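Reading the structure
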Amino acid sequence: MPVTVPLSTGRVIRRYRAAATRAVAVTAIAGCSLSVLAAADQQTESNPTDTLAAAPVQAAPVANAAPVAVQVPEFVPPQVTDLLNSFAQDHRPRTVRPVAGPLSSGFGMRWGAMHAGLDFADGFGAPIAAVTDGTVIEAGPASGFGLWVRVQQDDGTIGVYGHMQDILVHVGQQLRAGDVIATVGSRGYSTGPHLHYEVHTDAGPIDPHPWLAGRGLDVGYSQD
Ligand SMILES: [Zn+2]
């Protein structure tokens, strides 16, 4: 049954419907067979006289556009929402660069001592992202690191983040790759703001560089 609504409301609803059906169209591109709904979107775009908005106003005639009763979903069905969510879940990055700044020091002997991780230079307060999914197993003061966060990572290794200015997570917190866990600082044995990142197996620290590369993340090379 036609519903009488003011022109402005009709426009808003039509815009909303177009947005909703575009979301459906994106899903269709992702492999779901929803071409019928996508076609409905096109009809809505080309024909301003959809069933809801056309009732109270005389819309300007559009060439070659006969009035058509377009069946547009009132809402995005839960199944489509679930599909969009699972698509996003399946395609989100599993390995994320922890800070935007460049690699400033690699893994290995440095100044006569073992440097057991990678250093990334960045400014005070820059966000530090979780490299992988995981669980926070330690967060607080630590000798040498100033402050550290230790994360049980998705492959069983432990990620260690050091020298932060502020910690934004707590023990037991579940992380997804890319979650901001802390900010860059220069606490502990540090000569300037940077993130120190280590990866530990049961046998001890490993070079994070090839480990990250194996997960598809190239963090570049430092000058040292
Ligand atoms: Zn370091």
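The rules behind the values
- Residues numbered from 1 in each chain as written.
- Predicted model: local features only at pLDDT ≥ 70, side-chain atom pairs only at ≥ 80, totals over all residues.
- Core = buried A, V, L, I, M, F, W, Y, C linked by C-beta atoms within 7 Å.
- Buried ≥ 20, exposed ≤ 12 C-beta atoms within 10 Å, placed from the backbone.
- Helix = DSSP H or I, 4+ residues; strand = E, 2+ residues; numbered from the N terminus.
- Contact = placed C-beta atoms within 7 Å.
- Pairing = 2+ DSSP bridges.
- pLDDT = per-residue confidence, 0-100.

Before going further, it helps to examine the nonpolar core. Counting residues in each nonpolar core, the largest one holds 23 residues, and the members touching the most others are Ile128, Val149, Tyr161, Ile181 and Leu195. For this core, the secondary structure elements donating two or more residues are strand 4 (118–121), strand 7 (146–153), strand 8 (158–162), strand 11 (180–183) and strand 12 (194–201). When residues of this core are assigned to their parent elements, the largest contribution, three residues, is made by strand 7. Not counting residues within four places of it along the chain, the set of residues in contact with Leu195 comprises Pro98, Val99, Phe120, Asp122, Ile128, Tyr161, His163 and Val184.

Attention shifts here to the sheet that holds strand 11. Reading across from one edge, 5-11-9 is the order of the three strands in this open sheet, with antiparallel pairing throughout. At either end of the open sheet lies a strand with only one pairing partner, and these are strand 5 (127–129) and strand 9 (166–167). As judged from the three bridges shared by strand 5 and strand 11, these two strands associate in the antiparallel manner. By the bridge assignment, Ile128 is partnered in strand 11 with Ala182.

Each regular strand shows side chains that alternate between the opposite faces of the sheet. Here strand 9 pairs with strand 11 via two bridges, running antiparallel. Bridging across to strand 11, Ile167 finds its partner in Ala182.

Chain-level pLDDT for the chain is 80 on average; 68% of the residues reach the 70-or-more range. Of the regions scoring below 50 in pLDDT, residues 1–14 engages in 19 contacts with residues more than four places distant in sequence or in other chains. Below a pLDDT of 50 lies the segment residues 16–21, which in the model reaches twelve contacts outside its immediate sequence neighbourhood of four places, other chains included.

With respect to the element layout, Gln174 can be found in strand 10 (residues 174–175). Note on Gln174: 10 C-beta atoms within 10 Å, which makes it exposed. It is 9.6 Å that separates the C-alpha atoms of Gln174 and Gln152, two residues lying 22 residues apart in sequence.

Right, let's get into the pairing of strand 6 (residues 134–142). Relative to strand 7, strand 6 runs antiparallel, the two sharing eight bridges. Of the residues in strand 7, the one forming a bridge with Val136 is Val151. From the end of strand 6 to the start of strand 7, which pair antiparallel, there are three residues, and Gly144 there has a positive phi angle of about 85°. One ladder, built from two bridges, connects strand 6 with strand 10; its direction is antiparallel. Note that in strand 10 the partner of Thr135 across the bridge is Gln174.

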